[in-house]
Amino acid sequence: MKKTILIALTLLSFQSAFAQRFPGGPGPMPGPGGRDDLPMCLKNLDNANRRYDNLQNQLTDLMRRCNQSGPVNGDLQRQNDDLRNQVAGLNGQVSSLLNQNNNLSLDNNRLQNDNMDLRRQLDDLRGGANRTLGFFSYAGCKDFSGNISLTNIAGGEGRVGLESETVAKQKVAATYSCTYGIVTGATEEIRSIQPNSYCVAGCKDFSGNVSQANIKSGTGRNATEAAYNAMKAVAGAYSCTYGIKIQACQ
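Please read all numbers here as calculations on a predicted model, not as lab measurements.

For the rest of this paragraph, the subject is helix H4 (residues 223-237). Taking 1.5 Å of rise per residue, 15 residues should cover 21 Å, and H4 covers 21 Å from first to last C-alpha, within 8% of that figure. Among the residues of H4, Thr 224, Glu 225, Ala 226, Ala 227, Tyr 228, Ala 230, Met 231 and Val 234 are the ones counted as buried. Where H4 is buried, its residues touch strand S1 (134-142), strand S2 (148-158), strand S3 (182-190), strand S4 (197-204), strand S5 (210-220) and strand S6 (244-249).

Rendered as structure tokens:
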């Protein structure tokens, strides 16, 4: 098909050259006077053949280039496909990293909440040592001198000091018959749920000192409660002629 087109172009070129030489058109061949134009006609034919050969060479070159471009285009297509696959892989990695980041953010929020809870618990534990859990008091009958008789005492607890003193006095009144009235011995805050004080008490001798032969100990959540428990232990174990006295507390 391409060769046919080239032949047609050659004929058209020949016809054009002939028409230029004989403006009257293709009509009858000139007479003897036109033989002088034959060399020109042959020259034009030769030029047309050369143009045909040139076009044929150009066509062959184009076909060669087109045939060579096929593999190149294939390589480019494969490279393009590889790049697309790499982009798809990177998009997948980005999505995975985003999911991991979201999960880490959730874990971080949970850890922060747990940390805040632990801090609150730690603050509560630290504040426990300074938190008032209540008050402890003991009261007893007064002797003839107006001092408390440690032989006849009772203890009481309350949310405030006045409440614990009142409870202690009520217990004394319900337990003993006090000739000279009732008086409060001591009142102290309770800051621990565990015993943290230790006291030793005993019967007094005639000199007013503690008789080491008649001593008892007691523990308590504060020194007042520990002293009270020690004195109650002495009163329950011995009959102290000269009364009861606290020897020491720690």
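Turning our eyes to something else, we now look at the pattern of salt bridges. Counted by the stated rule, this structure contains 5 salt bridges. Here Arg 221 ties to Glu 157 by a salt bridge, and the two come within 2.5 Å at their closest N and O atoms. Of the two residues, Arg 221 is situated in the loop between S5 and H4 and Glu 157 in strand S2; the sequence distance between them amounts to 64 residues. Glu 157 sits in the partly exposed class, given a relative accessible area of 42%. The shortest N-O distance in the salt bridge between Glu 189 and Arg 191 comes to 2.7 Å.

The next point concerns the environment of Gly 218. Along the chain, the position of Gly 218 falls in strand S5. Spatially, the C-alpha atom of Gly 218 lies 9.6 Å from that of Val 234, the residues being 16 residues apart in sequence. Setting aside anything within four residues of it in sequence, one finds Gly 218 in contact with Ser 197, Tyr 198, Cys 199, Ala 226, Asn 229 and Ala 230.

The 3 strands lie next to each other as S5-S4-S6, forming an open sheet whose pairing is antiparallel. Strands at the two margins of the open sheet, each flanked by one partner only, are S5 and S6. Each strand of the sheet is rotated relative to its neighbour by a mean of 30°, with strand direction disregarded. Here S4 runs beside S5; their pairing, made up of 7 bridges, is antiparallel. Residue pairing in the sheet places Ala 201 in a bridge with Lys 216 of S5. Contacting S4, S5 and S6, H4 runs over the sheet at an angle of about 135° to S5.

Considered as a void within the structure, the second largest pocket measures approximately 190 Å³ in volume. The element contributing the most residues to the lining of the second largest pocket is S2, with 4 residues. For the lining of the second largest pocket, the per-class residue count stands at 5 nonpolar, 3 polar and 2 charged.

The sheet built from 3 strands is open, its strands ordered S2-S1-S3 with antiparallel pairing. The sheet is open, and its two borders are formed by S2 and S3, each paired with just one other strand. Strand-to-strand, the axes of this sheet are offset by a mean angle of 20°, without reference to chain direction. Across 8 bridges, the pairing between S1 and S3 is antiparallel. Bridge pairing in S3 places Tyr 138 opposite Ala 186. Contacts from helix H3 (residues 161-175) reach S1, S2 and S3, with the element oriented near 130° to S2. Sheet strands touched by H4: S1, S2 and S3. Its angle to S2, the strand with the most contacts, is close to 135°.

What counts and what doesn't
- Position labels on residues start from 1 in each chain and follow its written sequence.
- A pLDDT threshold of at least 70 governs which residues receive local features in this predicted model, and a stricter bar of 80 or more applies before side-chain atom pairs are shown or counted, although totals over entire chains, interfaces and linings include all residues.
- With hydrogens and water excluded, all non-hydrogen atoms of the structure serve as input to the side-chain values.
- Only runs of H or I of at least four residues qualify as helices and only runs of E of at least two qualify as strands under DSSP, and these elements are numbered from the N terminus.
- Multiplying one less than the number of residues by 1.5 Å gives the expected span of a helix.
- Only protein chains enter the area calculation, which uses a 1.4 Å probe; residues under 20% of their type maximum are buried, those over 50% are exposed, and those in between are partly exposed.
- In what follows, residue pairs with any heavy atoms lying within 4.5 Å of each other are defined as contacts.
- Counted as salt bridges are all cases of a side-chain nitrogen of Lys or Arg within 4 Å of a carboxyl oxygen of Asp or Glu.
- Paired strands, as defined in this entry, are two strands with at least two bridges between them according to DSSP.
- Axes here mean lines fitted to C-alpha atoms, for a helix over just the part in contact, with angles spanning 0 to 180 degrees between N-to-C directions.
- Using only the protein atoms, space was sampled on a 1 Å grid; points where a 1.4 Å probe fits but cannot get out form cavities, open sets with protein on both sides within 12 Å along at least five of seven lines form pockets, and lining residues are those with an atom within 4 Å of a point.
- Grid points are joined across faces, edges and corners, and a volume is the space filled by probe spheres set on the points.
- When residues are grouped by polarity, Ala, Val, Leu, Ile, Met, Phe, Trp, Tyr, Cys and Pro land in nonpolar, Asp, Glu, Lys and Arg in charged, and all others, Gly among them, in polar.

Interpretation in functional terms is not warranted from these geometric data alone.
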